[in-house]
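# Fold and contact review
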Amino acid sequence: MSDPLLSVENLHTQFRTPEGPVNAVNGATFTVEAGEIVGLVGESGSGKSVTARSIMGLESPGEIVEGDIVFDSVDLTEAPEATRRRARGTSMSMVFQDPNTSLNPVFDVGEQIAESLKIHESPDSQSLLDYLHVPLVSDRREWQEHRKRAIELMEQVGIADADDRVGHYPHEFSGGMRQRAMLAIALAAQPELLIADEPTTALDTTTQARILDRIRDLRDAFDTAVLLITHDLGVVAETCDRVVVLYGGEVMESGPVERVLSDPQHPYTQGLLDCLPRRSDRGSPLPAIEGSVLDSGNSTPGCPFASRCEYATEACRVSDPPTIRPERSRRVVCGELDTVRQDAESERNAAQPRVDGGDRSIERASQERHEADVQTSGTIGKDGTGRASGWENPESRSDDTTVESETPLLEIDGVSKTFDVTGSRLERVFGQRQLLGAVDEISFRIDAGETVGLVGESGSGKSTLASVIAGLESPTEGEVRFDGATVGTVEERTPEQLSEFGFVFQNPTESLNPRMTVRETLAEPLRERNWETEQQDRRIAELLELVGLSSKHAARRPHELSGGQLQRVAIARAIALEPSVVILDEPVSALDVSIQAKILNLLLELQERLGLTYLVISHDLEVVHHIADRVLVMYLGKVMERGPANALFESPAHPYTEALFEAIPTLEDDGTAQPLSGAIPSPVDPPDGCVFHTRCPMAEEQCRREEPSFETIAGSHSRCHFAEDVTEEPAEPTIEPDNP
Amino acid sequence: MSYVLYRLATAVVVLFGVSLVTFGFVHATPGDPAETILIEQTGQQPSSEAVEEFREAEGMNDPVHHQYVDWVTGAVHGDLGQSYFSDAEVSSLILDDLYNTLELAVASILVALVIAVPTGIASAIHQGQPIDVTSQIGALIGVSMPNFWLGYLLIIVFALNLNMFPVAGSGGLEHLILPAIALGTGMAAIVTRLVRTSMLEVIDQEYIDTARSKGLKERIVVYKHALRNALIPVVTVVGLQLGFVLNGAVVIEIVFQRPGLGNLLVDAIFARNYPVVQGVVLVAAVTFVVSNLLVDLSYRYLDPRIKLGESQQ
């Protein structure tokens, strides 16, 4: 067998911190073959990104202190900087996580791609004046050639109108288009290895599906090896050939994707798989991995996962676990593998009668084991399961028609919100206004104690609608009624009305004031309602307990807390004044899967204990499916489909809902689903007729002319002319060219 | 384009305000300017007929708003009136000296940038190392040193002792160097720190890693990808500093006995030569407004994200 393209051997990358050196990568060993897509998975802090950066030679301020990175038979750890730089320019490229920050805002996209092409052509003769395009010194003809090639590359990665777009700046691109541009920059070097660090985490599912498609296509076309870093196992299942599971900077398990995901051997891999919402029943608590990623991957011996592992023995803590090869091309680093297997075996036998289809029995068995554990030991179990049983009859819960007589807790009545985006002052003076309709005549109701989910792609108007409901924006038309009374904006609401609403934002690091301690953050709403200091202290202690934090967290500031803890604080703040409605805007999308599971469990538990009503906004359908009773699917400011979660998820009655499902990467997928083509049209100039017709696989002449009204199909309401056809035959998605 | 028109329109409003204030201050000064001027001209107490004659000749007996309208109408046509002491046109007096002052201002800004940009970059790249510490201390000294004191120091060392440069006056480059250094040093200190901070922030951005991941040489990463972004806040400050440079030029011109607007203004104030005072202040204001407009327009080149005059959502 020939040498692998990339071989990482016992890699240690160290960071100096005030508390002493920390090994972010601590002995990672794996290989990537030419033309292979390898997934590198693990929670935040497991060392994935640092591993990738070490391979690229971008580990600074960290330092590679031990181990080898052999690429193309050259050990990069011993190579001089010039060699590493040449490798970056000619044979390996990297795509970063956030396309909003990874492109230089002051150069047009063409220039950024052309640069990459030029470096690839002559990596060693880079002159500053040439790159600055100083007249006479710079070879203009050559740059123009590269720019032409850049246009071809842009077309190749699926950027339409590349001729035109080549001169655009990053801020003129949408998130998905920016990531394509980034991909074009990476591909300009014609790399043998492409490292993609969470390339789709910042994008919504439909865009994600198309970017992953491109990466697969490129591998097929150029035999490029890809190291795909992700925390989403669905992405791994759909895209990768092999998977490497990283924890504490060490490889826990590696092997072919289908084997590792269907038969995970390492307790950590099992834990990661169990946390996924899609694997558990709706509304029931998700199994979560106890504890959190260690702050310091220190260099003491022992398995890094031992402190969180239910199988850990004394031996695991003091000595390095052995590497076991259960089958060819698989490696598991675990000292108690026999116990883990026996456990799985006995549960498989016990669970056998209930399981249909043999190959997934292990997963289900292990999931049940976790659930059992949670029920006996966790604080979540009792409440959560009690609730879950009540949820098994969705018919008994609210359907739009059955509860029409009572006053709903919250009623959204014909709400529209338009923004004035008129370009220049002159146009404004002359009355040539451009209006952006973010939300278009939306009506629905939320009853006390239920959870309504709001889903749709970025730009569908979900967050604007939530802002209107919370009173942060005033509706252009229509009104929001709470308990029968019209509520306006925050300024117009009475203190009592204000305290009835809680709001949890997507990113807790941005929604919490970095200068305030947890206590101050939680005391703020209380002080606003003139609570006595003593009462405040009691309430803060109570809140911390409710969200699963301890009193020692009260004195900390946001930078001293982890992402999951921060979101708990944000939730505690939202419920501080005992609101009846909590609006959750993407509450878990900034979090790791294991933490996501814990936060979802917490939300369900709080709802049960406090009788909260939730409005959950998310682009993650699995999350919404997990906690919502009813779901609204939004597109271009309009509701496309609404109905009970079960009905809507089992048989979507709108092509858009169906397309959203298609886009979700799942463990069972093999990457054949066709993602939704095109991007959301501009809300300034929405399409006539059905707003979805430009991207709809079923669209016909009627859709271009007439706007459909709601059809009731199997309990759901669908705004589609062909709603019945959608539910009857699972539509064959047509293949369309990318056309944003 | 509509943005430029808009900015020009606001500039006119600002200048109108400046003209009102200038005119108002001069006319609110206690005492009869005619009498003061005649005393200065002749060295003795003038007769009341002489005062009245002078007032009539200079149009001081007209109602104040007529005087203002006359002056503004003249100014718009490039006529700023005549000096009380000679027949020279105020506008030609100013034009003669404006060149000298602008020369000094531009030279000192150049001195500041030539010192500040490389030092700031070096400081940022070698954060915490000796070169950074040295430049930080240098910046502290530079910002604390009064410019007139530095001016005298430079004269003593380089003109009197070393005989490298002339002590005073104006003329070729050799007359410009010491005043420009005296005036530019303080600004260099401020800009150095700004470049350093701005650069440190930019170097941490992910697009710098993208540039490195392409295999670009570090020099190009720093001077092309980082610098262009780091300069955006620097341009704002340098543009605003132009006002302070004009201010400082007044002092430095006296220290170095350079002809210029500063000397012209100070002389005019002492002599109650009001048309000149009004003219100089107006010209200084125009310079300031125009330079700020240029700074704002240069953003469009430096930072394509800034859409001038278009409403931000």
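As shown above, the structure is provided for reference.
Read on for a plain summary of the structure. (Residues numbered from 1 in each chain as written. Chains lettered and ligands numbered in written order. Predicted model: local features only at pLDDT ≥ 70, side-chain atom pairs only at ≥ 80, totals over all residues. Heavy atoms only, no water.)

## Thoughts on the overall build of chain B
Basically, it comes down to this: Segments assigned H or I by DSSP are reported as helices when at least four residues long, segments assigned E as strands when at least two residues long, and all are numbered from the N terminus. Buried residues are those whose accessible area, probed at 1.4 Å on protein chains only, stays under 20% of the maximum for their type, while exposed residues exceed 50% and partly exposed ones sit between those limits. Under the convention used here, a 1.4 Å probe and the Shrake-Rupley method define accessible areas, while residue burial counts only the protein chains that appear.
Of regular secondary structure, chain B possesses 12 helices and zero strands. What you see in chain B, going N to C, is helices and strands ordered as α-α-α-α-α-α-α-α-α-α-α-α. Taken across its 313 residues, chain B has 45% of its residues classed as buried. Split by element, the accessible area of chain B, about 15,600 Å² in all, is 66% carbon and sulfur.

## Let's talk about the packing of aromatic side chains
The criterion, for reference: Each pair of aromatic rings taken from Phe, Tyr and Trp, with Trp reduced to its six-membered ring, is defined by centres within 6.5 Å and is described as stacked if the planes are under 30 degrees apart, edge-to-face if over 60, and tilted in the remaining cases. Whether a charge lies above a ring is judged from NZ of Lys or CZ of Arg, which has to be within 6 Å of the ring centre and within 35 degrees of the ring normal.
A complete count under the given rule lists 14 aromatic pairs over all chains for this structure. Seen from their ring centres, Tyr635 of chain A and Tyr656 of chain A are 4.6 Å apart, and the 55 degrees between their planes marks the pair as tilted. Placement of the pair is Tyr635 of chain A in strand E21 (residues 630-635) and Tyr656 of chain A in helix H26 (residues 655-663), with a sequence separation of 21 residues. Just as Tyr635 of chain A is buried, Tyr656 of chain A falls in that class too. Ring pairs connect the aromatic residues Phe16, Phe23, Tyr68 and Trp71 of chain B, which therefore count as one cluster. One cation-aromatic arrangement involves Arg165 of chain A over Phe173 of chain A; the distance from NZ or CZ to the ring centre is 4.3 Å. Here the basic side chain of Arg493 of chain A rests over the ring of Phe501 of chain A, its NZ or CZ set 4.7 Å away from the ring centre.

## Description of the interface of chain B and chain A
We count it as follows: The criterion used for residue contact is that any of the two residues' heavy atoms lie within 4.5 Å. Put simply, buried area is how much 1.4 Å-probe accessible surface two parts lose in total, over both of them, once they are put together. Salt bridge, as applied in this entry: a Lys or Arg side-chain nitrogen positioned within 4 Å of an Asp or Glu carboxyl oxygen. Polar contact is the term for a pair of N or O atoms within 3.5 Å; when the atoms are in protein, one must be able to donate a hydrogen and the other to accept it, and sequence-neighboring residues count only if both atoms are side-chain atoms.
Between chain B and chain A, the residue contacts involve 28 residues of the former and 43 residues of the latter. Across the chain B to chain A interface the summed buried area is about 3,200 Å²; carbon plus sulfur atoms make up 57%. Where chain B meets chain A, there are four salt bridges. Lys224 of chain B serves as the salt-bridge partner of Glu115 of chain A, at 2.9 Å between the closest nitrogen and oxygen. Summed over the shared surface of chain B and chain A, the number is 17 residue pairs in polar contact (both at pLDDT 80 or more). Taken together, the elements giving at least two residues each to the side of chain B that touches chain A come down to helix H1 (2-28), helix H9 (206-213) and helix H10 (218-255) of chain B.

## Some points on the sheet that holds strand E8 (residues 225-230) of chain A
Residues and elements named next belong to chain A. What counts is decided by this rule: At least two bridges found by DSSP between two strands are what make those strands a pair.
Pairing is mixed across the open sheet formed by eight strands, whose spatial order is E6-E7-E8-E3-E9-E10-E12-E11. Both outer strands of the open sheet, strand E6 (92-95) and strand E11 (323-324), are each paired with one neighbouring strand and no more. Across five bridges, strand E7 (residues 193-197) lies against E8 in parallel orientation. When the bridges of E8 are listed, Ile195 appears paired with Leu227.

## Concerning the sheet that holds strand E2 (residues 20-32) of chain A
All names here are of chain A. Here we have four strands laid out as an open sheet, ordered E2-E1-E4-E5, and antiparallel in their pairing. Each of the sheet's edge strands pairs with one partner strand only, and the pair in question is E2 and strand E5 (74-75). Pairing geometry for strand E1 (residues 6-17) and strand E4 (residues 63-71), over seven bridges, is antiparallel. Bridge pairing in E4 links Leu6 to Phe71.

## Section: the nonpolar core
What counts, and what does not: Only buried residues count toward a nonpolar core, which is a set of Ala, Val, Leu, Ile, Met, Phe, Trp, Tyr and Cys residues joined through side-chain atoms within 4.5 Å.
Residues Phe30, Ile55, Ile113, Leu193, Ile195, Leu227 and Leu606 of chain A are the most contacted members of the largest nonpolar core, which totals 133 residues. In contact with Leu227 of chain A, other than residues within four places in its own chain, are Phe30, Val32, Val38, Leu40, Ile55, Leu193, Leu194, Ile195 and Ala196 of chain A. Core analysis: the second largest hydrophobic core is formed by 49 residues, Leu128 of chain A together with Ala107, Ile121 and Val191 of chain B among them.

## A closer look at the environment of Phe15 of chain A
Residues and elements named next belong to chain A. Relative to the elements of secondary structure, Phe15 occurs in strand E1. Separated by 10 residues in sequence, Phe15 and Val25 have C-alpha atoms that sit 9.5 Å apart. Once residues lying within four places of it in the same chain are set aside, the contact partners of Phe15 are Gly20, Pro21, Val22, Ala24, Val50, Glu59, Pro61 and Gly62.

## Things to note about the pairing of strand E9 (residues 242-247) of chain A
For a regular strand, side chains alternate in direction, first toward one face of the sheet and then toward the other. Residue and element names in this part refer to chain A. Among the six residues in E9, six count as buried, and that is most of the element. Side chains Arg242, Val244 and Leu246 project from E9 onto one buried face, and the interleaved Val243, Val245 and Tyr247 project onto a second face that is buried too. One ladder, built from four bridges, connects strand E3 (residues 37-41) with E9; its direction is parallel. Looking at the pairing, Leu40 lines up with Val244 of E9. Here six bridges tie E9 to strand E10 (residues 250-256), and the two strands are oriented antiparallel to one another. Residue Val245 lies in a different strand from E10, and its bridge partner there is Glu253. As consecutive antiparallel partners, E9 and E10 are separated by two residues, and within that stretch Gly248 has a phi angle of approximately 55 degrees, a positive value.

## Topic: the pattern of salt bridges
Residue and element names in this part refer to chain A. Counted according to the given criterion, the structure contains 45 salt bridges over all chains. In this structure, the salt-bridge partner of Lys48 is Glu198, at a minimum N-O distance of 3.9 Å. Here Glu198 lies in the loop between E7 and helix H8 (205-222) and Lys48 lies in helix H1 (residues 48-56), a separation of 150 residues in the sequence. Owing to a relative accessible area of 7%, Lys48 belongs among the buried residues under this scheme. Take Glu198: its relative accessible area is 7%, and that puts it in the buried class.

## Some remarks on a nonpolar patch on the surface
Residues and elements named next belong to chain B. Rule in force here: By definition, no residue in a patch forms a salt bridge, and every one has over 30% relative accessible area; like charges are joined within 9 Å, nonpolar side chains (Val, Leu, Ile, Met, Phe, Trp, Tyr) within 5 Å.
Residues Phe148, Trp149, Tyr152, Leu153, Ile156, Val157, Leu160, Leu162, Met164, Val167 and Val251 make up a contiguous nonpolar surface patch of roughly 980 Å² in combined accessible area. Looking at which element gives the most residues to the nonpolar patch, the answer is helix H7 (residues 147-161), with seven residues. Mapped onto the fold, Met164 is located in the loop between H7 and helix H8 (173-203). Judged by its relative accessible area of 49%, Met164 falls in the partly exposed class.

## Quick look at unusual backbone geometry
Residues and elements named next belong to chain A. For the bond running from Ser60 to Pro61, omega is 5 degrees, close enough to zero to count as cis. Looking at where Pro61 falls in the secondary structure, it is placed in the loop between H1 and E4. Phi is positive for Glu586, close to 50 degrees, though the residue is something other than glycine. Of note, Glu586 is situated in the loop between strand E19 (581-585) and helix H23 (593-610). The class of Glu586 is buried, set by a relative accessible area of 6%.

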